[in-house]
Every structure is written in C-alpha cells, then in structure tokens.
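# A look at the structure
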Amino acid sequence: MIWGVLQFPGSCDERDALLACERAGHRARLVWHESRDLDGLDGIVVPGGFSYGDYLRAGAIARFSPAMEAVAEMAGGGAPVLGICNGFQVLCEAGLLPGALLRNAELRFICRQVDIVDERSGERLSIPMKHGEGRYYAPEEMLDELEARGQVAYRYAEGHNSNGSVRDIAGVRNEAGNVLGLMPHPEHAVDPLTGSTDGLRVFAAVAQGAFANHGSTKAPGE
Amino acid sequence: MTVGAPKHRELGLTDHEYELIVEKLGREPGDVELAMFSLLWSEHCAYKHSRKLLRQLPTEGERVVMGPGENAGAVDVGNGYAVAFKVESHNHPSAVEPFEGAATGVGGILRDVFAIGARPIAILDSLRFGELDSVRSRHLLDGAVRGIGHYGNSIGVPTVGGEIYFEEPYEHNCLVNAMCLGLARTSEMVRAAAAGVGNAVVLMGASTGRDGIGGASVLASAELGEGDEAKRPTVQIGDPFEESKLLECCLELLGKGLLVSLQDLGAAGLTSSAGEMASAGGLGIDLDVARVPLREADMEPFEIMVSESQERMLAVVEPARVEEVRAICEKWQTGCAEIGAVTDSGLVRVLRGEDVCGEMPVEALVDGCPLYDLEPAEPEDWTYGNRRTLAVGAAPEEELLALLGSPNVASKRWAFEQYDSLVGSRTVRRPGQADAAVLQLPETGGAVAVSIDGNGRRVACDPYAGTIEAVLECTQNLACVGAEPLGLTNCLNFGNPEKPLGAWQLDRSVSGLADACRALGVPVVGGNVSLYNEGPDGPIYPTPVVAMVGELPDPAAVPGLGFGREGETIAILGPFEPNLAGSELAKARGELALGLPQPDVPAVAAACERVREAVRAGALACAHDVSDGGLACALAEAAIAGGVGCQVDLHPLRERGCTPEEALFGEGPGGFLLSGERATLEGLGATVIGLVGGEAVEIGAGDRSLRLDLAAAERAWRSLEERAEAVE
C-alpha cells in the first residue's frame, strides 16, 4: 500500500500523516497541491492544517487545487481516501463527503484527547482532536439517510463531544465507503510514547476498504 | 546645540544622543536617518541600559553552537543536530491589542528561529496579567491566549508549555513572552552576518505597509499611559499563512544552500535587519526603497525603512543564484525582491532610485548608541500593594482550597487546550502532564525537555534570590523528567531602568542570573530585554523569565506528575526549607514584604542530579517539584493528576524547624515530591512522609492538620475556566 499525502500551502500535519502511514506498515509520499500526478499511489490522505490559510472558509480553496481534482477522480474509481480535520473539511467542500464542519459550539479551538466509537464494531478509540471548526452539521433528513445507509463511521463517546457535533458524529464516509473523513487525528495516535496507538486502526480500516464492505447493516451488539 | 529638538525627542532620543548623532555624521541627520537612528538607538534595539550588566552572564559551554548576538541561541544535541531557542517579549503591543500583539509575538519568535536554519518544533509562552477579577485582565488574557493559539495552531508548530501568573502590578502592563525551539542540522545553520561584497540583498515574504511604524521606539521603549488607544496603529497585524509559506520557503532555500545569510525583520524592520547584518559582517549595505514591494504606493522612504510589517525576511544571495531563489519563492507563493547589495563601504545607504535618502556609517548606527550606567537604590520598604483575600484564622482546609483555586496555582487547562500541542509528532509530555515539556527527537534517538519559569512576585521580594529561584525552578522541572540542562535563555521584563527602583531590581536580578548559571554550569545562549514596563500605577513586578533546555536519553522513562497507585510511598527530597516569605499564602493574607531566604544553589543542584538519575532509571512513579502554594498544593496536584488521595505527615519538615503553616504552604527552592517504592525512595536519600491511597488529601501538620476530599480539591483546582470567562 502506497499512500499519497497531499501538501497544500498551509498544511500542518502532512509530515505526521506520512509518519503514521509508515507506522501503519505502509509507504507514503507527499503530493504537491499543484500536481495531478497520483501515479503509483493506492490511496490518498488529505491531512490536517489550514490549507491556503483557511481563507474564505475552511477547505473552500483547497478543493479547487489540481491535486484535489485528481483525488476526486481517483476516489470515483474506488481508491481509499482519508480526510483528517482540515482534510475532512476539504472533502466536504469538494462534495466527496456529505455535510459540513462549523465553528465549535464554544467558539474556541480545542485540543484534547477524546474517545470515539467505531460504528461498525462498537470499538472505542482514544484519539486527540484539535480544531476550531469541527462541529459536524447536516440537515436532519440527510442525517437520517446517512444513518440508514451506515455512513456514520465514528461518533464521539458519551461526554466526549467537545465541539457540539450533531448526533455526536465524528466521522462520515461516502456511500461507496472508500472515502472517509473525521475530525479527530488518527495520525496523532500511532505512537505509545506520544499518547495512544488507536489511530493505526483507522488507517488499517481505510486501507482495507473495511468501510466499503460494511453496507447498511449495523454492527452486532447495537 | 539642539536644532530640530522637538522631532528627535518625539522619536525618543535625548538631546545628548541627538548631539552625538550629529557629531558622528558630521552634519544634521535627514528625516530618514533620524528615524533610523531613533530606532536603532532605542532601548529595544540598543539595550542601552542593560548591555553593561549582561556582560556578566556566562555564555560559553561545550555544547553551545550559537551564543548571544545571533537570531537565536543553539546547543548541540548530538548526531549532527542542534536545538535553537529564544524567548522574546511582545508586552506593549499585547497591552494595547492583545490578540494581534500576542499573535505577532509568536510570529516574530518563529522567524528568529528559522532565520538560523532551524525548523520550529515547539512554542512555549510566559504570560502575566492583572488579577482575574478585573475585566481588563480577562480581556487581555482572552485575547492573548486566542492570539497565541491562532498563530501557532495555524502555522503548525505545537505550543507545548508555558506559564501564566495573575498579579495586580501587571494590570496595565501585561507581559506576553513567547519562546520557540527549533531543530537544525548543525551543518545547515546560518548566521545573520552579511558577507560577499557584490552579493544581492533580497527581501522575501510579505509586502511592506504602514503597520507597526515606530513600534520599537514608541511602544517598546516607553512607559504605557493614557491615550494608548492612539497607539493601536503601531501594533502589527500577523498572518500565519504568509509565515507558514515563508518558513517552508526559507528552509528549502537553506537546505539547498542558496542563501549566504538570513535575518528576520522584527522590531525596526528593514532598518535593524540591514543595519545588524552589515554590522555583523563588518561591511556595508545599499538598499533601494523603490524596489521594496509596498501595500500602499505613496509610502515615504522613512516609512519603508521603519515599517514593522510582519512575515518578512532579508537574505544575502550570490548574484548567480538570485533566479533560483526567485523560483523557490514563487513555488511557495511568497514575495521575492532584490532590493540592494552588499558593499565594502561600511555604510548603510538608503536610496530611492537614483536619490540618496540616507547615508550612515554602520558602526555609528548599530554600535554608536551610548550605554548607560544604572543608578540603583535599594528600597527601604515593600513598594507594591498588599491585598488580603483570605480571612485571618481560616481553617487549613479553607486555606488549601483558596490556594488551589487561586489563578496562579489552578490548572491552566482552559488556556492550553486552546493550543495545538501535538502537531509534529514529538510531544511526549503534553501541557499539564509533567513539570517540563518533553519532545522526542527521532533524529538523535533522544529527547529534549524545556521549561519556562519566573515568579515576579518573589523577584519583587528579593530580585537576587528570586531570580536564582527562577533558574533553580527550571533546573528542578527538567530533573523531574530526567533532563540535564544544556543551555538557558531569558527575557528580562522590568520597569523603568532610569528610576532607582527599576535600576536596583534589574541590577540585582542580572547578578542573580549570572551567579546561578555560573554555579550550575549552564551557559546563557541568548536573551531579550523589555524595559519600561510601567503603567499609571507604577512598575510591574520585576520579571526575569528564564527558559532552560535540557536533554534526556529515553523519553519512555519519564514519570508523570500524578501519584500512581494505592499503597505507593510518598517522599520529599532536596534542601527544601519552606518559608512564607513571598508565598501565595502571604499574598492571599496581604502580608508581602521585602526579603527572601538565600538559596543554596549547589545543594539544589545535587538534589536535581539524584532525581534526574532516578527518573532515568525509571524508578519513580511521580516526580513533581514543590512550587507555588507549597507542599500542600504539590500533594493535592499529584493526587488530582493521579486520581487518588494520599495520607502524609509533615513532621520531618517540622523537625527542620518549620512551623506547621510553613510545612504546608511555605515556598522556596529545592523541594521535590516523589512517589514510588519505599526502598527506592529511601535509597535515594528521600524522606518518607506517607502513602498514596483513599479519596482525600490528608496532611498531618500538628495543629494545622487537614483533610480535604479529592473531589473538592479538584473542583477548586479546575476553577480557572469559570473565572476567566466570567462576564460582568
């Protein structure tokens, strides 16, 4: 598995994402935002940060970059795409994922270790969040549809929804299941020395297409 | 001879200094020249009241790669790498406009670090505000924390630590000191000295506007007072996105060996960066202001030369490589303009096309400012106020709750959660997890630890002893994570040095700093001085902020600052002689006065070494230094962090002659609180005082014995958020 990690001016966590891909047992290289060349890559990470300064609106400019156009094409072909934090915002802006990310309910940036729950397995992961605009939002009808189709990938555990996300949603996937976006940072949970290693499971799940196979069935035990 | 007197005085120059400029030039200075002299001869740039004192600081050491005089100091961390670090103040801009003031403080210190070729890997900050019951203080706190977060988070450098104190004397003049650490390959580091006659001088980054004009002289080198609103335009506006591009661009240029030297544009803008580059290289520089990209077309040459627009760097480039530099700047979508050349004239010449707007000997401009001797006078009595907030005869439980809830002791989680402390994947200990921040360096296989400290109230009680204590506190914090000091930097925040009190505080404090560093064998690799921190009510507490960087071999061995598990033994170690002088309790009782006990530096150093070795051996569950609020607060903090209570008895301290109150709440250097196996602790020579367990903090201290439920202690300790966000 070789990941491409997009690098926009203003990206912050791209080196962390590279490192995380390697810790997950994969290979990875950076993809410059002006490049459409994704040859030889099996999957894409759109990393965290403040692409193009997050001017206008978080992710709003990055979606128009040549690299993102190529990523949209690759995603259409079924390749795994993981958007983290600002990457999640970019994927929502690009229409590859449903919904939008709004300013945190408390109107402050929050950096905190939180627990999220994998909707498929009920597994609890300890992963840090760090963002000022991470409150997931979608209209009620859309949320009902997302839930019905099993597109909610991760929810904040009880008491861990620090940003006011609707229905505690921390991450969603597209209908096909190959594109996943989440606000918490799995790439910052890959080393016992710096916190936890639960983020490795997110990388593994996306790489294995675990969300694609999941369909609309609910995980056992729910 | 005082021709044109009003103008030079407006710019902050004395009549004597003006006469000296005329003498050095052999004529009256023109407008551009006068503006440039006024900035480079300001306190902020010339250190004219502190330079003589600073000469006593020890600056040499085996591990020093770069010392004072460069954009940042640096120490060798092995395997061909160096860690660069520096602290700088942005006090007056933050007092006028806290968000932008603090944000650009962070932006400025980052540039200092990447200017020498180091990638910034961590930010810390040291903040001081008035008491939290003041609306103004809450406004300044909120703005400064948001500003630091905005800049650091956006540029992708983690904010890993810091400290905040709240004291009345900072009401009008808050302090915002920002620190940055960077990591560099030693072979790729550059100095700021201009070199190579005929080389191009290239201005990179943002365009130049009218923001921040006169910041160094108007804001940074005079007292704050009425009408500061009008100074808003002298505060710079930051753009972290611009800096993020500039940072990556500069590191790529340096990595490719395309720059001869590099210097950031900070206070006094082009004037100081060009002047200092020329001075360090012993050469001259010609600059053509007509080639500087401007935000407003009608800017005057003097405005261009003194603008403090942010996110700009000045580089010296060989003419043949200018096009390569330009191409990389274009890649990073950042500005690049060849605005001048290195000359052998020994002059800084400011041109506008063919016109010469200014021509000054570098030596006069940069090093010609007279240095002043201080006229210190020791005060006879405590000159700051006293305000009682804790009733006489309060029960010891009430006292402990009051201290845990006092904003100086309470958890600063509300602030540090607004900072990204993780980006970069180096953060082994996050804010609040240990006494010092710990950053792993996969490049060397080891880790560095960093601590920033300075208790102004204690320095006000005794500038000499208080400053030694700040250095010792850093050393102790490093010991708690197993780190040995490599180097130290500082930011000296003081009042007006032209007044006897300010002069005395500065003089004694620098002596304390020098003596402590010499005794510990820790070199001072850089520093910053911020004077004239006074408001209408008087000077701030004298506040030397000390930052120390140390190394540790194995970050996995670092203990926490919380108790581990039930049944663990608790002990104290070190030459701790708690005293109420200058303590949080003395403050709460309104009993502050001059005088502190004199610290025994070698004894503290020996204790640090024992703790350091035990930590490195992985022998301790908890290591925490005893600091604000004394041992009772340290015990409560360790219990809260570990989620488990403790039962201790402080009779060993009473045997050292302490009263029960001093044993509980007395402060002073040299105290460590440890937990672990009894045999290990006894083997270290620590004094056992009790056991971990239960759901309360129980402390035996004679007639002041106390028992406080852990939940109540935690509520008080976590009360900062409520207070910080209080609305009136």
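Residues numbered from 1 in each chain as written. Chains lettered and ligands numbered in written order. Predicted model: local features only at pLDDT ≥ 70, side-chain atom pairs only at ≥ 80, totals over all residues.

Before going further, it helps to spend a moment on the overall build of chain B. Helix and strand counts for chain B come out as 27 helices and 28 strands. On C-alpha atoms alone, chain B measures out to a radius of gyration of 26 Å, which is about the 27 Å that the 2.2 N^0.38 rule sets for 728 residues. Taken along the three principal axes of its C-alpha coordinates, chain B extends 85 × 55 × 45 Å. Across chain B, the fraction of contacts at a sequence separation of at least 24, relative to all contacts at a separation of at least 6, is 85%. (Helix = DSSP H or I, 4+ residues; strand = E, 2+ residues; numbered from the N terminus. Rg over C-alpha atoms; globule rule 2.2 N^0.38 Å. Contact = placed C-beta atoms within 7 Å.)

Once that is clear, we can look at the overall build of chain A. Helix and strand content of chain A: 5 helices and 11 strands. For 222 residues, the compact-globule estimate of 2.2 N^0.38 gives 17 Å, and chain A sits close to it at 16 Å. Expressed along its principal axes, the backbone C-alpha trace of chain A runs to roughly 40 × 40 × 35 Å. Within chain A, buried positions represent 56% of all 222 residues. Within chain A, contacts between residues separated by at least 24 positions form 75% of all contacts whose residues are at least 6 apart in sequence. (Buried ≥ 20, exposed ≤ 12 C-beta atoms within 10 Å, placed from the backbone.)

All names here are of chain B. Spatially, 8-10-7-11-9-12-13 is the arrangement adopted by the 7 strands of the open sheet, whose pairing is mixed. With partners counted over all chains shown, the strands left at the sheet margins are strand 8 (261-264) and strand 13 (355-361), one partner each. With strand direction ignored, the average angle separating the axes of adjacent strands in the sheet is 25 degrees. In terms of strand pairing, strand 7 (residues 200-205) meets strand 11 (residues 335-343) through 6 bridges, oriented antiparallel. In the sheet register, Val-201 faces strand 11, and the bridge partner there is Gly-340. Lying on the sheet, helix 3 (residues 31-40) is in contact with strand 12 (347-352) and strand 13; it crosses strand 13 at an angle near 40 degrees. (Pairing = 2+ DSSP bridges. Axes fitted to C-alpha atoms, helices over the stretch in contact; angles between N-to-C directions.)

Taken together, the contacts link 20 residues of chain A with 23 residues of chain B. Put simply, the parts of the chain that give the side of chain A that touches chain B at least two residues each are helix 1 (14-23), strand 6 (110-118) and strand 7 (124-131) of chain A. Here the side of chain A that touches chain B takes 3 residues from strand 6 of chain A, the largest share from any one element. Class assignment of the residues belonging to the side of chain A that touches chain B gives a composition of 9 nonpolar, 5 polar and 6 charged. (Nonpolar A, V, L, I, M, F, W, Y, C, P; charged D, E, K, R; others polar.)

What follows is about unusual backbone geometry. If you check the backbone angles, Arg-167 of chain A has positive phi at about 50 degrees while not being a glycine. The residue Arg-167 of chain A is located in the loop between strand 9 (152-156) and strand 10 (169-173) in this model. Note on Arg-167 of chain A: 15 C-beta atoms within 10 Å, which makes it partly exposed. Phi angles above zero are rare outside glycine, and Tyr-532 of chain B is one such case at about 65 degrees.

What follows is about helix 18 (residues 463-480) of chain B. All names here are of chain B. Taking 1.5 Å per residue as the helical rise, helix 18 with its 18 residues ought to reach 26 Å, and the 26 Å between its terminal C-alpha atoms agrees with that figure. A large share of helix 18 lies buried, amounting to 18 of its 18 residues. Just beyond helix 18, the residue with positive phi is Gly-482, at close to 85 degrees. (Expected span 1.5 Å × (residues − 1).)

To continue, consider the sheet that holds strand 21 (residues 543-552) of chain B. All names here are of chain B. Spatially, 6 strands are ordered 14-15-16-21-17-18 in an open sheet, and the strand pairing comes out mixed. Strands at the two margins of the open sheet, each flanked by one partner only, are strand 14 (427-429) and strand 18 (524-530). The sheet shows a mean angle of 20 degrees between the axes of neighbouring strands, taken without regard to direction. Pairing between strand 14 and strand 15 (residues 437-441): 2 bridges, direction antiparallel. The residue of strand 15 that forms the bridge with Arg-429 is Val-438. In this fold helix 19 (residues 500-520) packs onto strand 17 (484-493), strand 18 and strand 21, with an angle of close to 175 degrees to the strand it touches most, strand 17.

Considering every residue of chain B, the mean pLDDT works out to 94; 96% of them sit at 70 or more. The ipTM value of the predicted complex is 0.94, and its pTM value is 0.94. (pLDDT = per-residue confidence, 0-100.)

Residue and element names in this part refer to chain B. The first and last C-alpha atoms of helix 21 (residues 601-616) sit 22 Å apart over 16 residues, in line with the 22 Å expected at 1.5 Å per residue. Among the residues making up helix 21, those that are buried are Val-601, Val-604, Ala-605, Ala-607, Cys-608, Val-611, Arg-612, Ala-614 and Val-615. Looking one or two residues past helix 21, Gly-618 carries a phi angle of roughly 70 degrees, positive in sign.

The next point concerns the packing of helix 7 (residues 98-114) of chain B against helix 8 (residues 135-155) of chain B. Relative placement of two packed helices is described by the angle separating their axes and the distance separating the axes. All names here are of chain B. Packing of helix 7 against helix 8 brings their axes to within 7 Å, and their N-to-C directions diverge by 40 degrees. The crossing of helix 7 and helix 8 is right-handed. Contacts between helix 7 and helix 8 pair Pro-98, Phe-99, Glu-100, Gly-101, Ala-102, Ala-103, Val-106, Gly-107 and Leu-110 from the former with Leu-140, Gly-143, Ala-144, Arg-146, Gly-147, Ile-148, His-150, Tyr-151, Gly-152 and Ile-155 from the latter. (Left-handed = near helix turned anticlockwise from the far one by under 90°.)

This next bit is on the confidence of the model for chain A. Scored by pLDDT, chain A comes out at a mean of 93, with 95% of its residues at no less than 70. Note that residues 215-222 of chain A has pLDDT below 50 and, in this model, 11 contacts with residues that lie over four places away or in other chains.

Before going further, it helps to spend a moment on the packing of helix 15 (residues 396-405) of chain B against helix 22 (residues 630-642) of chain B. All names here are of chain B. Between helix 15 and helix 22, the shortest axis-to-axis distance is 10 Å and the interhelical angle comes to 70 degrees. The angle between helix 15 and helix 22 falls in the class roughly perpendicular. In the packing of helix 15 onto helix 22, the handedness of the crossing is right-handed. Only Ala-632, Cys-633 and Ala-636 of helix 22 make contact with helix 15, whose side of the interface consists of Leu-400, Leu-403 and Leu-404. Considered class by class, the residues forming the contact of helix 15 with helix 22 number 6 nonpolar, no polar and no charged. (Parallel < 35°, antiparallel > 145°, perpendicular 65-115°, else oblique.)

This next bit is on the environment of Ser-11 of chain A. All names here are of chain A. Within the element layout of this structure, Ser-11 appears in the loop between strand 1 (2-7) and helix 1. In this structure Ser-11 comes out as buried when scored by C-beta crowding, with 26 C-beta atoms within 10 Å. Along the primary structure Ser-11 and Glu-22 are separated by 11 residues, whereas in three dimensions their C-alpha atoms are 19 Å apart. Setting aside its immediate chain neighbours within four residues, Ser-11 contacts Pro-47, Gly-49 and Ser-51.

A few words on the pairing of strand 23 (residues 620-625) of chain B. All names here are of chain B. Where burial is concerned, most of strand 23 is hidden: 6 out of the 6 residues are buried. Where strand 23 and strand 25 (residues 672-676) come together, 5 bridges link them in antiparallel fashion. Bridge assignment links Ala-623 to a residue of strand 25, and that residue is Leu-674.

Attention shifts here to the environment of Ile-540 of chain B. Residue and element names in this part refer to chain B. Here Ile-540 lies in the loop between strand 20 (538-539) and strand 21. Spatially, the C-alpha atoms of Ile-540 and Asp-435 are 26 Å apart, while their sequence positions differ by 105 residues. In this view, Ile-540 contacts Pro-169, Tyr-170, Asn-173, Leu-175, Gly-456, Asn-493, Gly-495, Asn-533 and Glu-534; residues no more than four positions away in its chain are not counted.

The subject of this paragraph is the environment of Glu-140 of chain A. Residues and elements named next belong to chain A. Here Glu-140 lies in helix 4 (residues 140-148). In this structure Glu-140 comes out as exposed when scored by C-beta crowding, with 9 C-beta atoms within 10 Å. Expressed as a C-alpha distance, the spacing of Glu-140 and Arg-167, which sit 27 residues apart in the sequence, is 9.8 Å.

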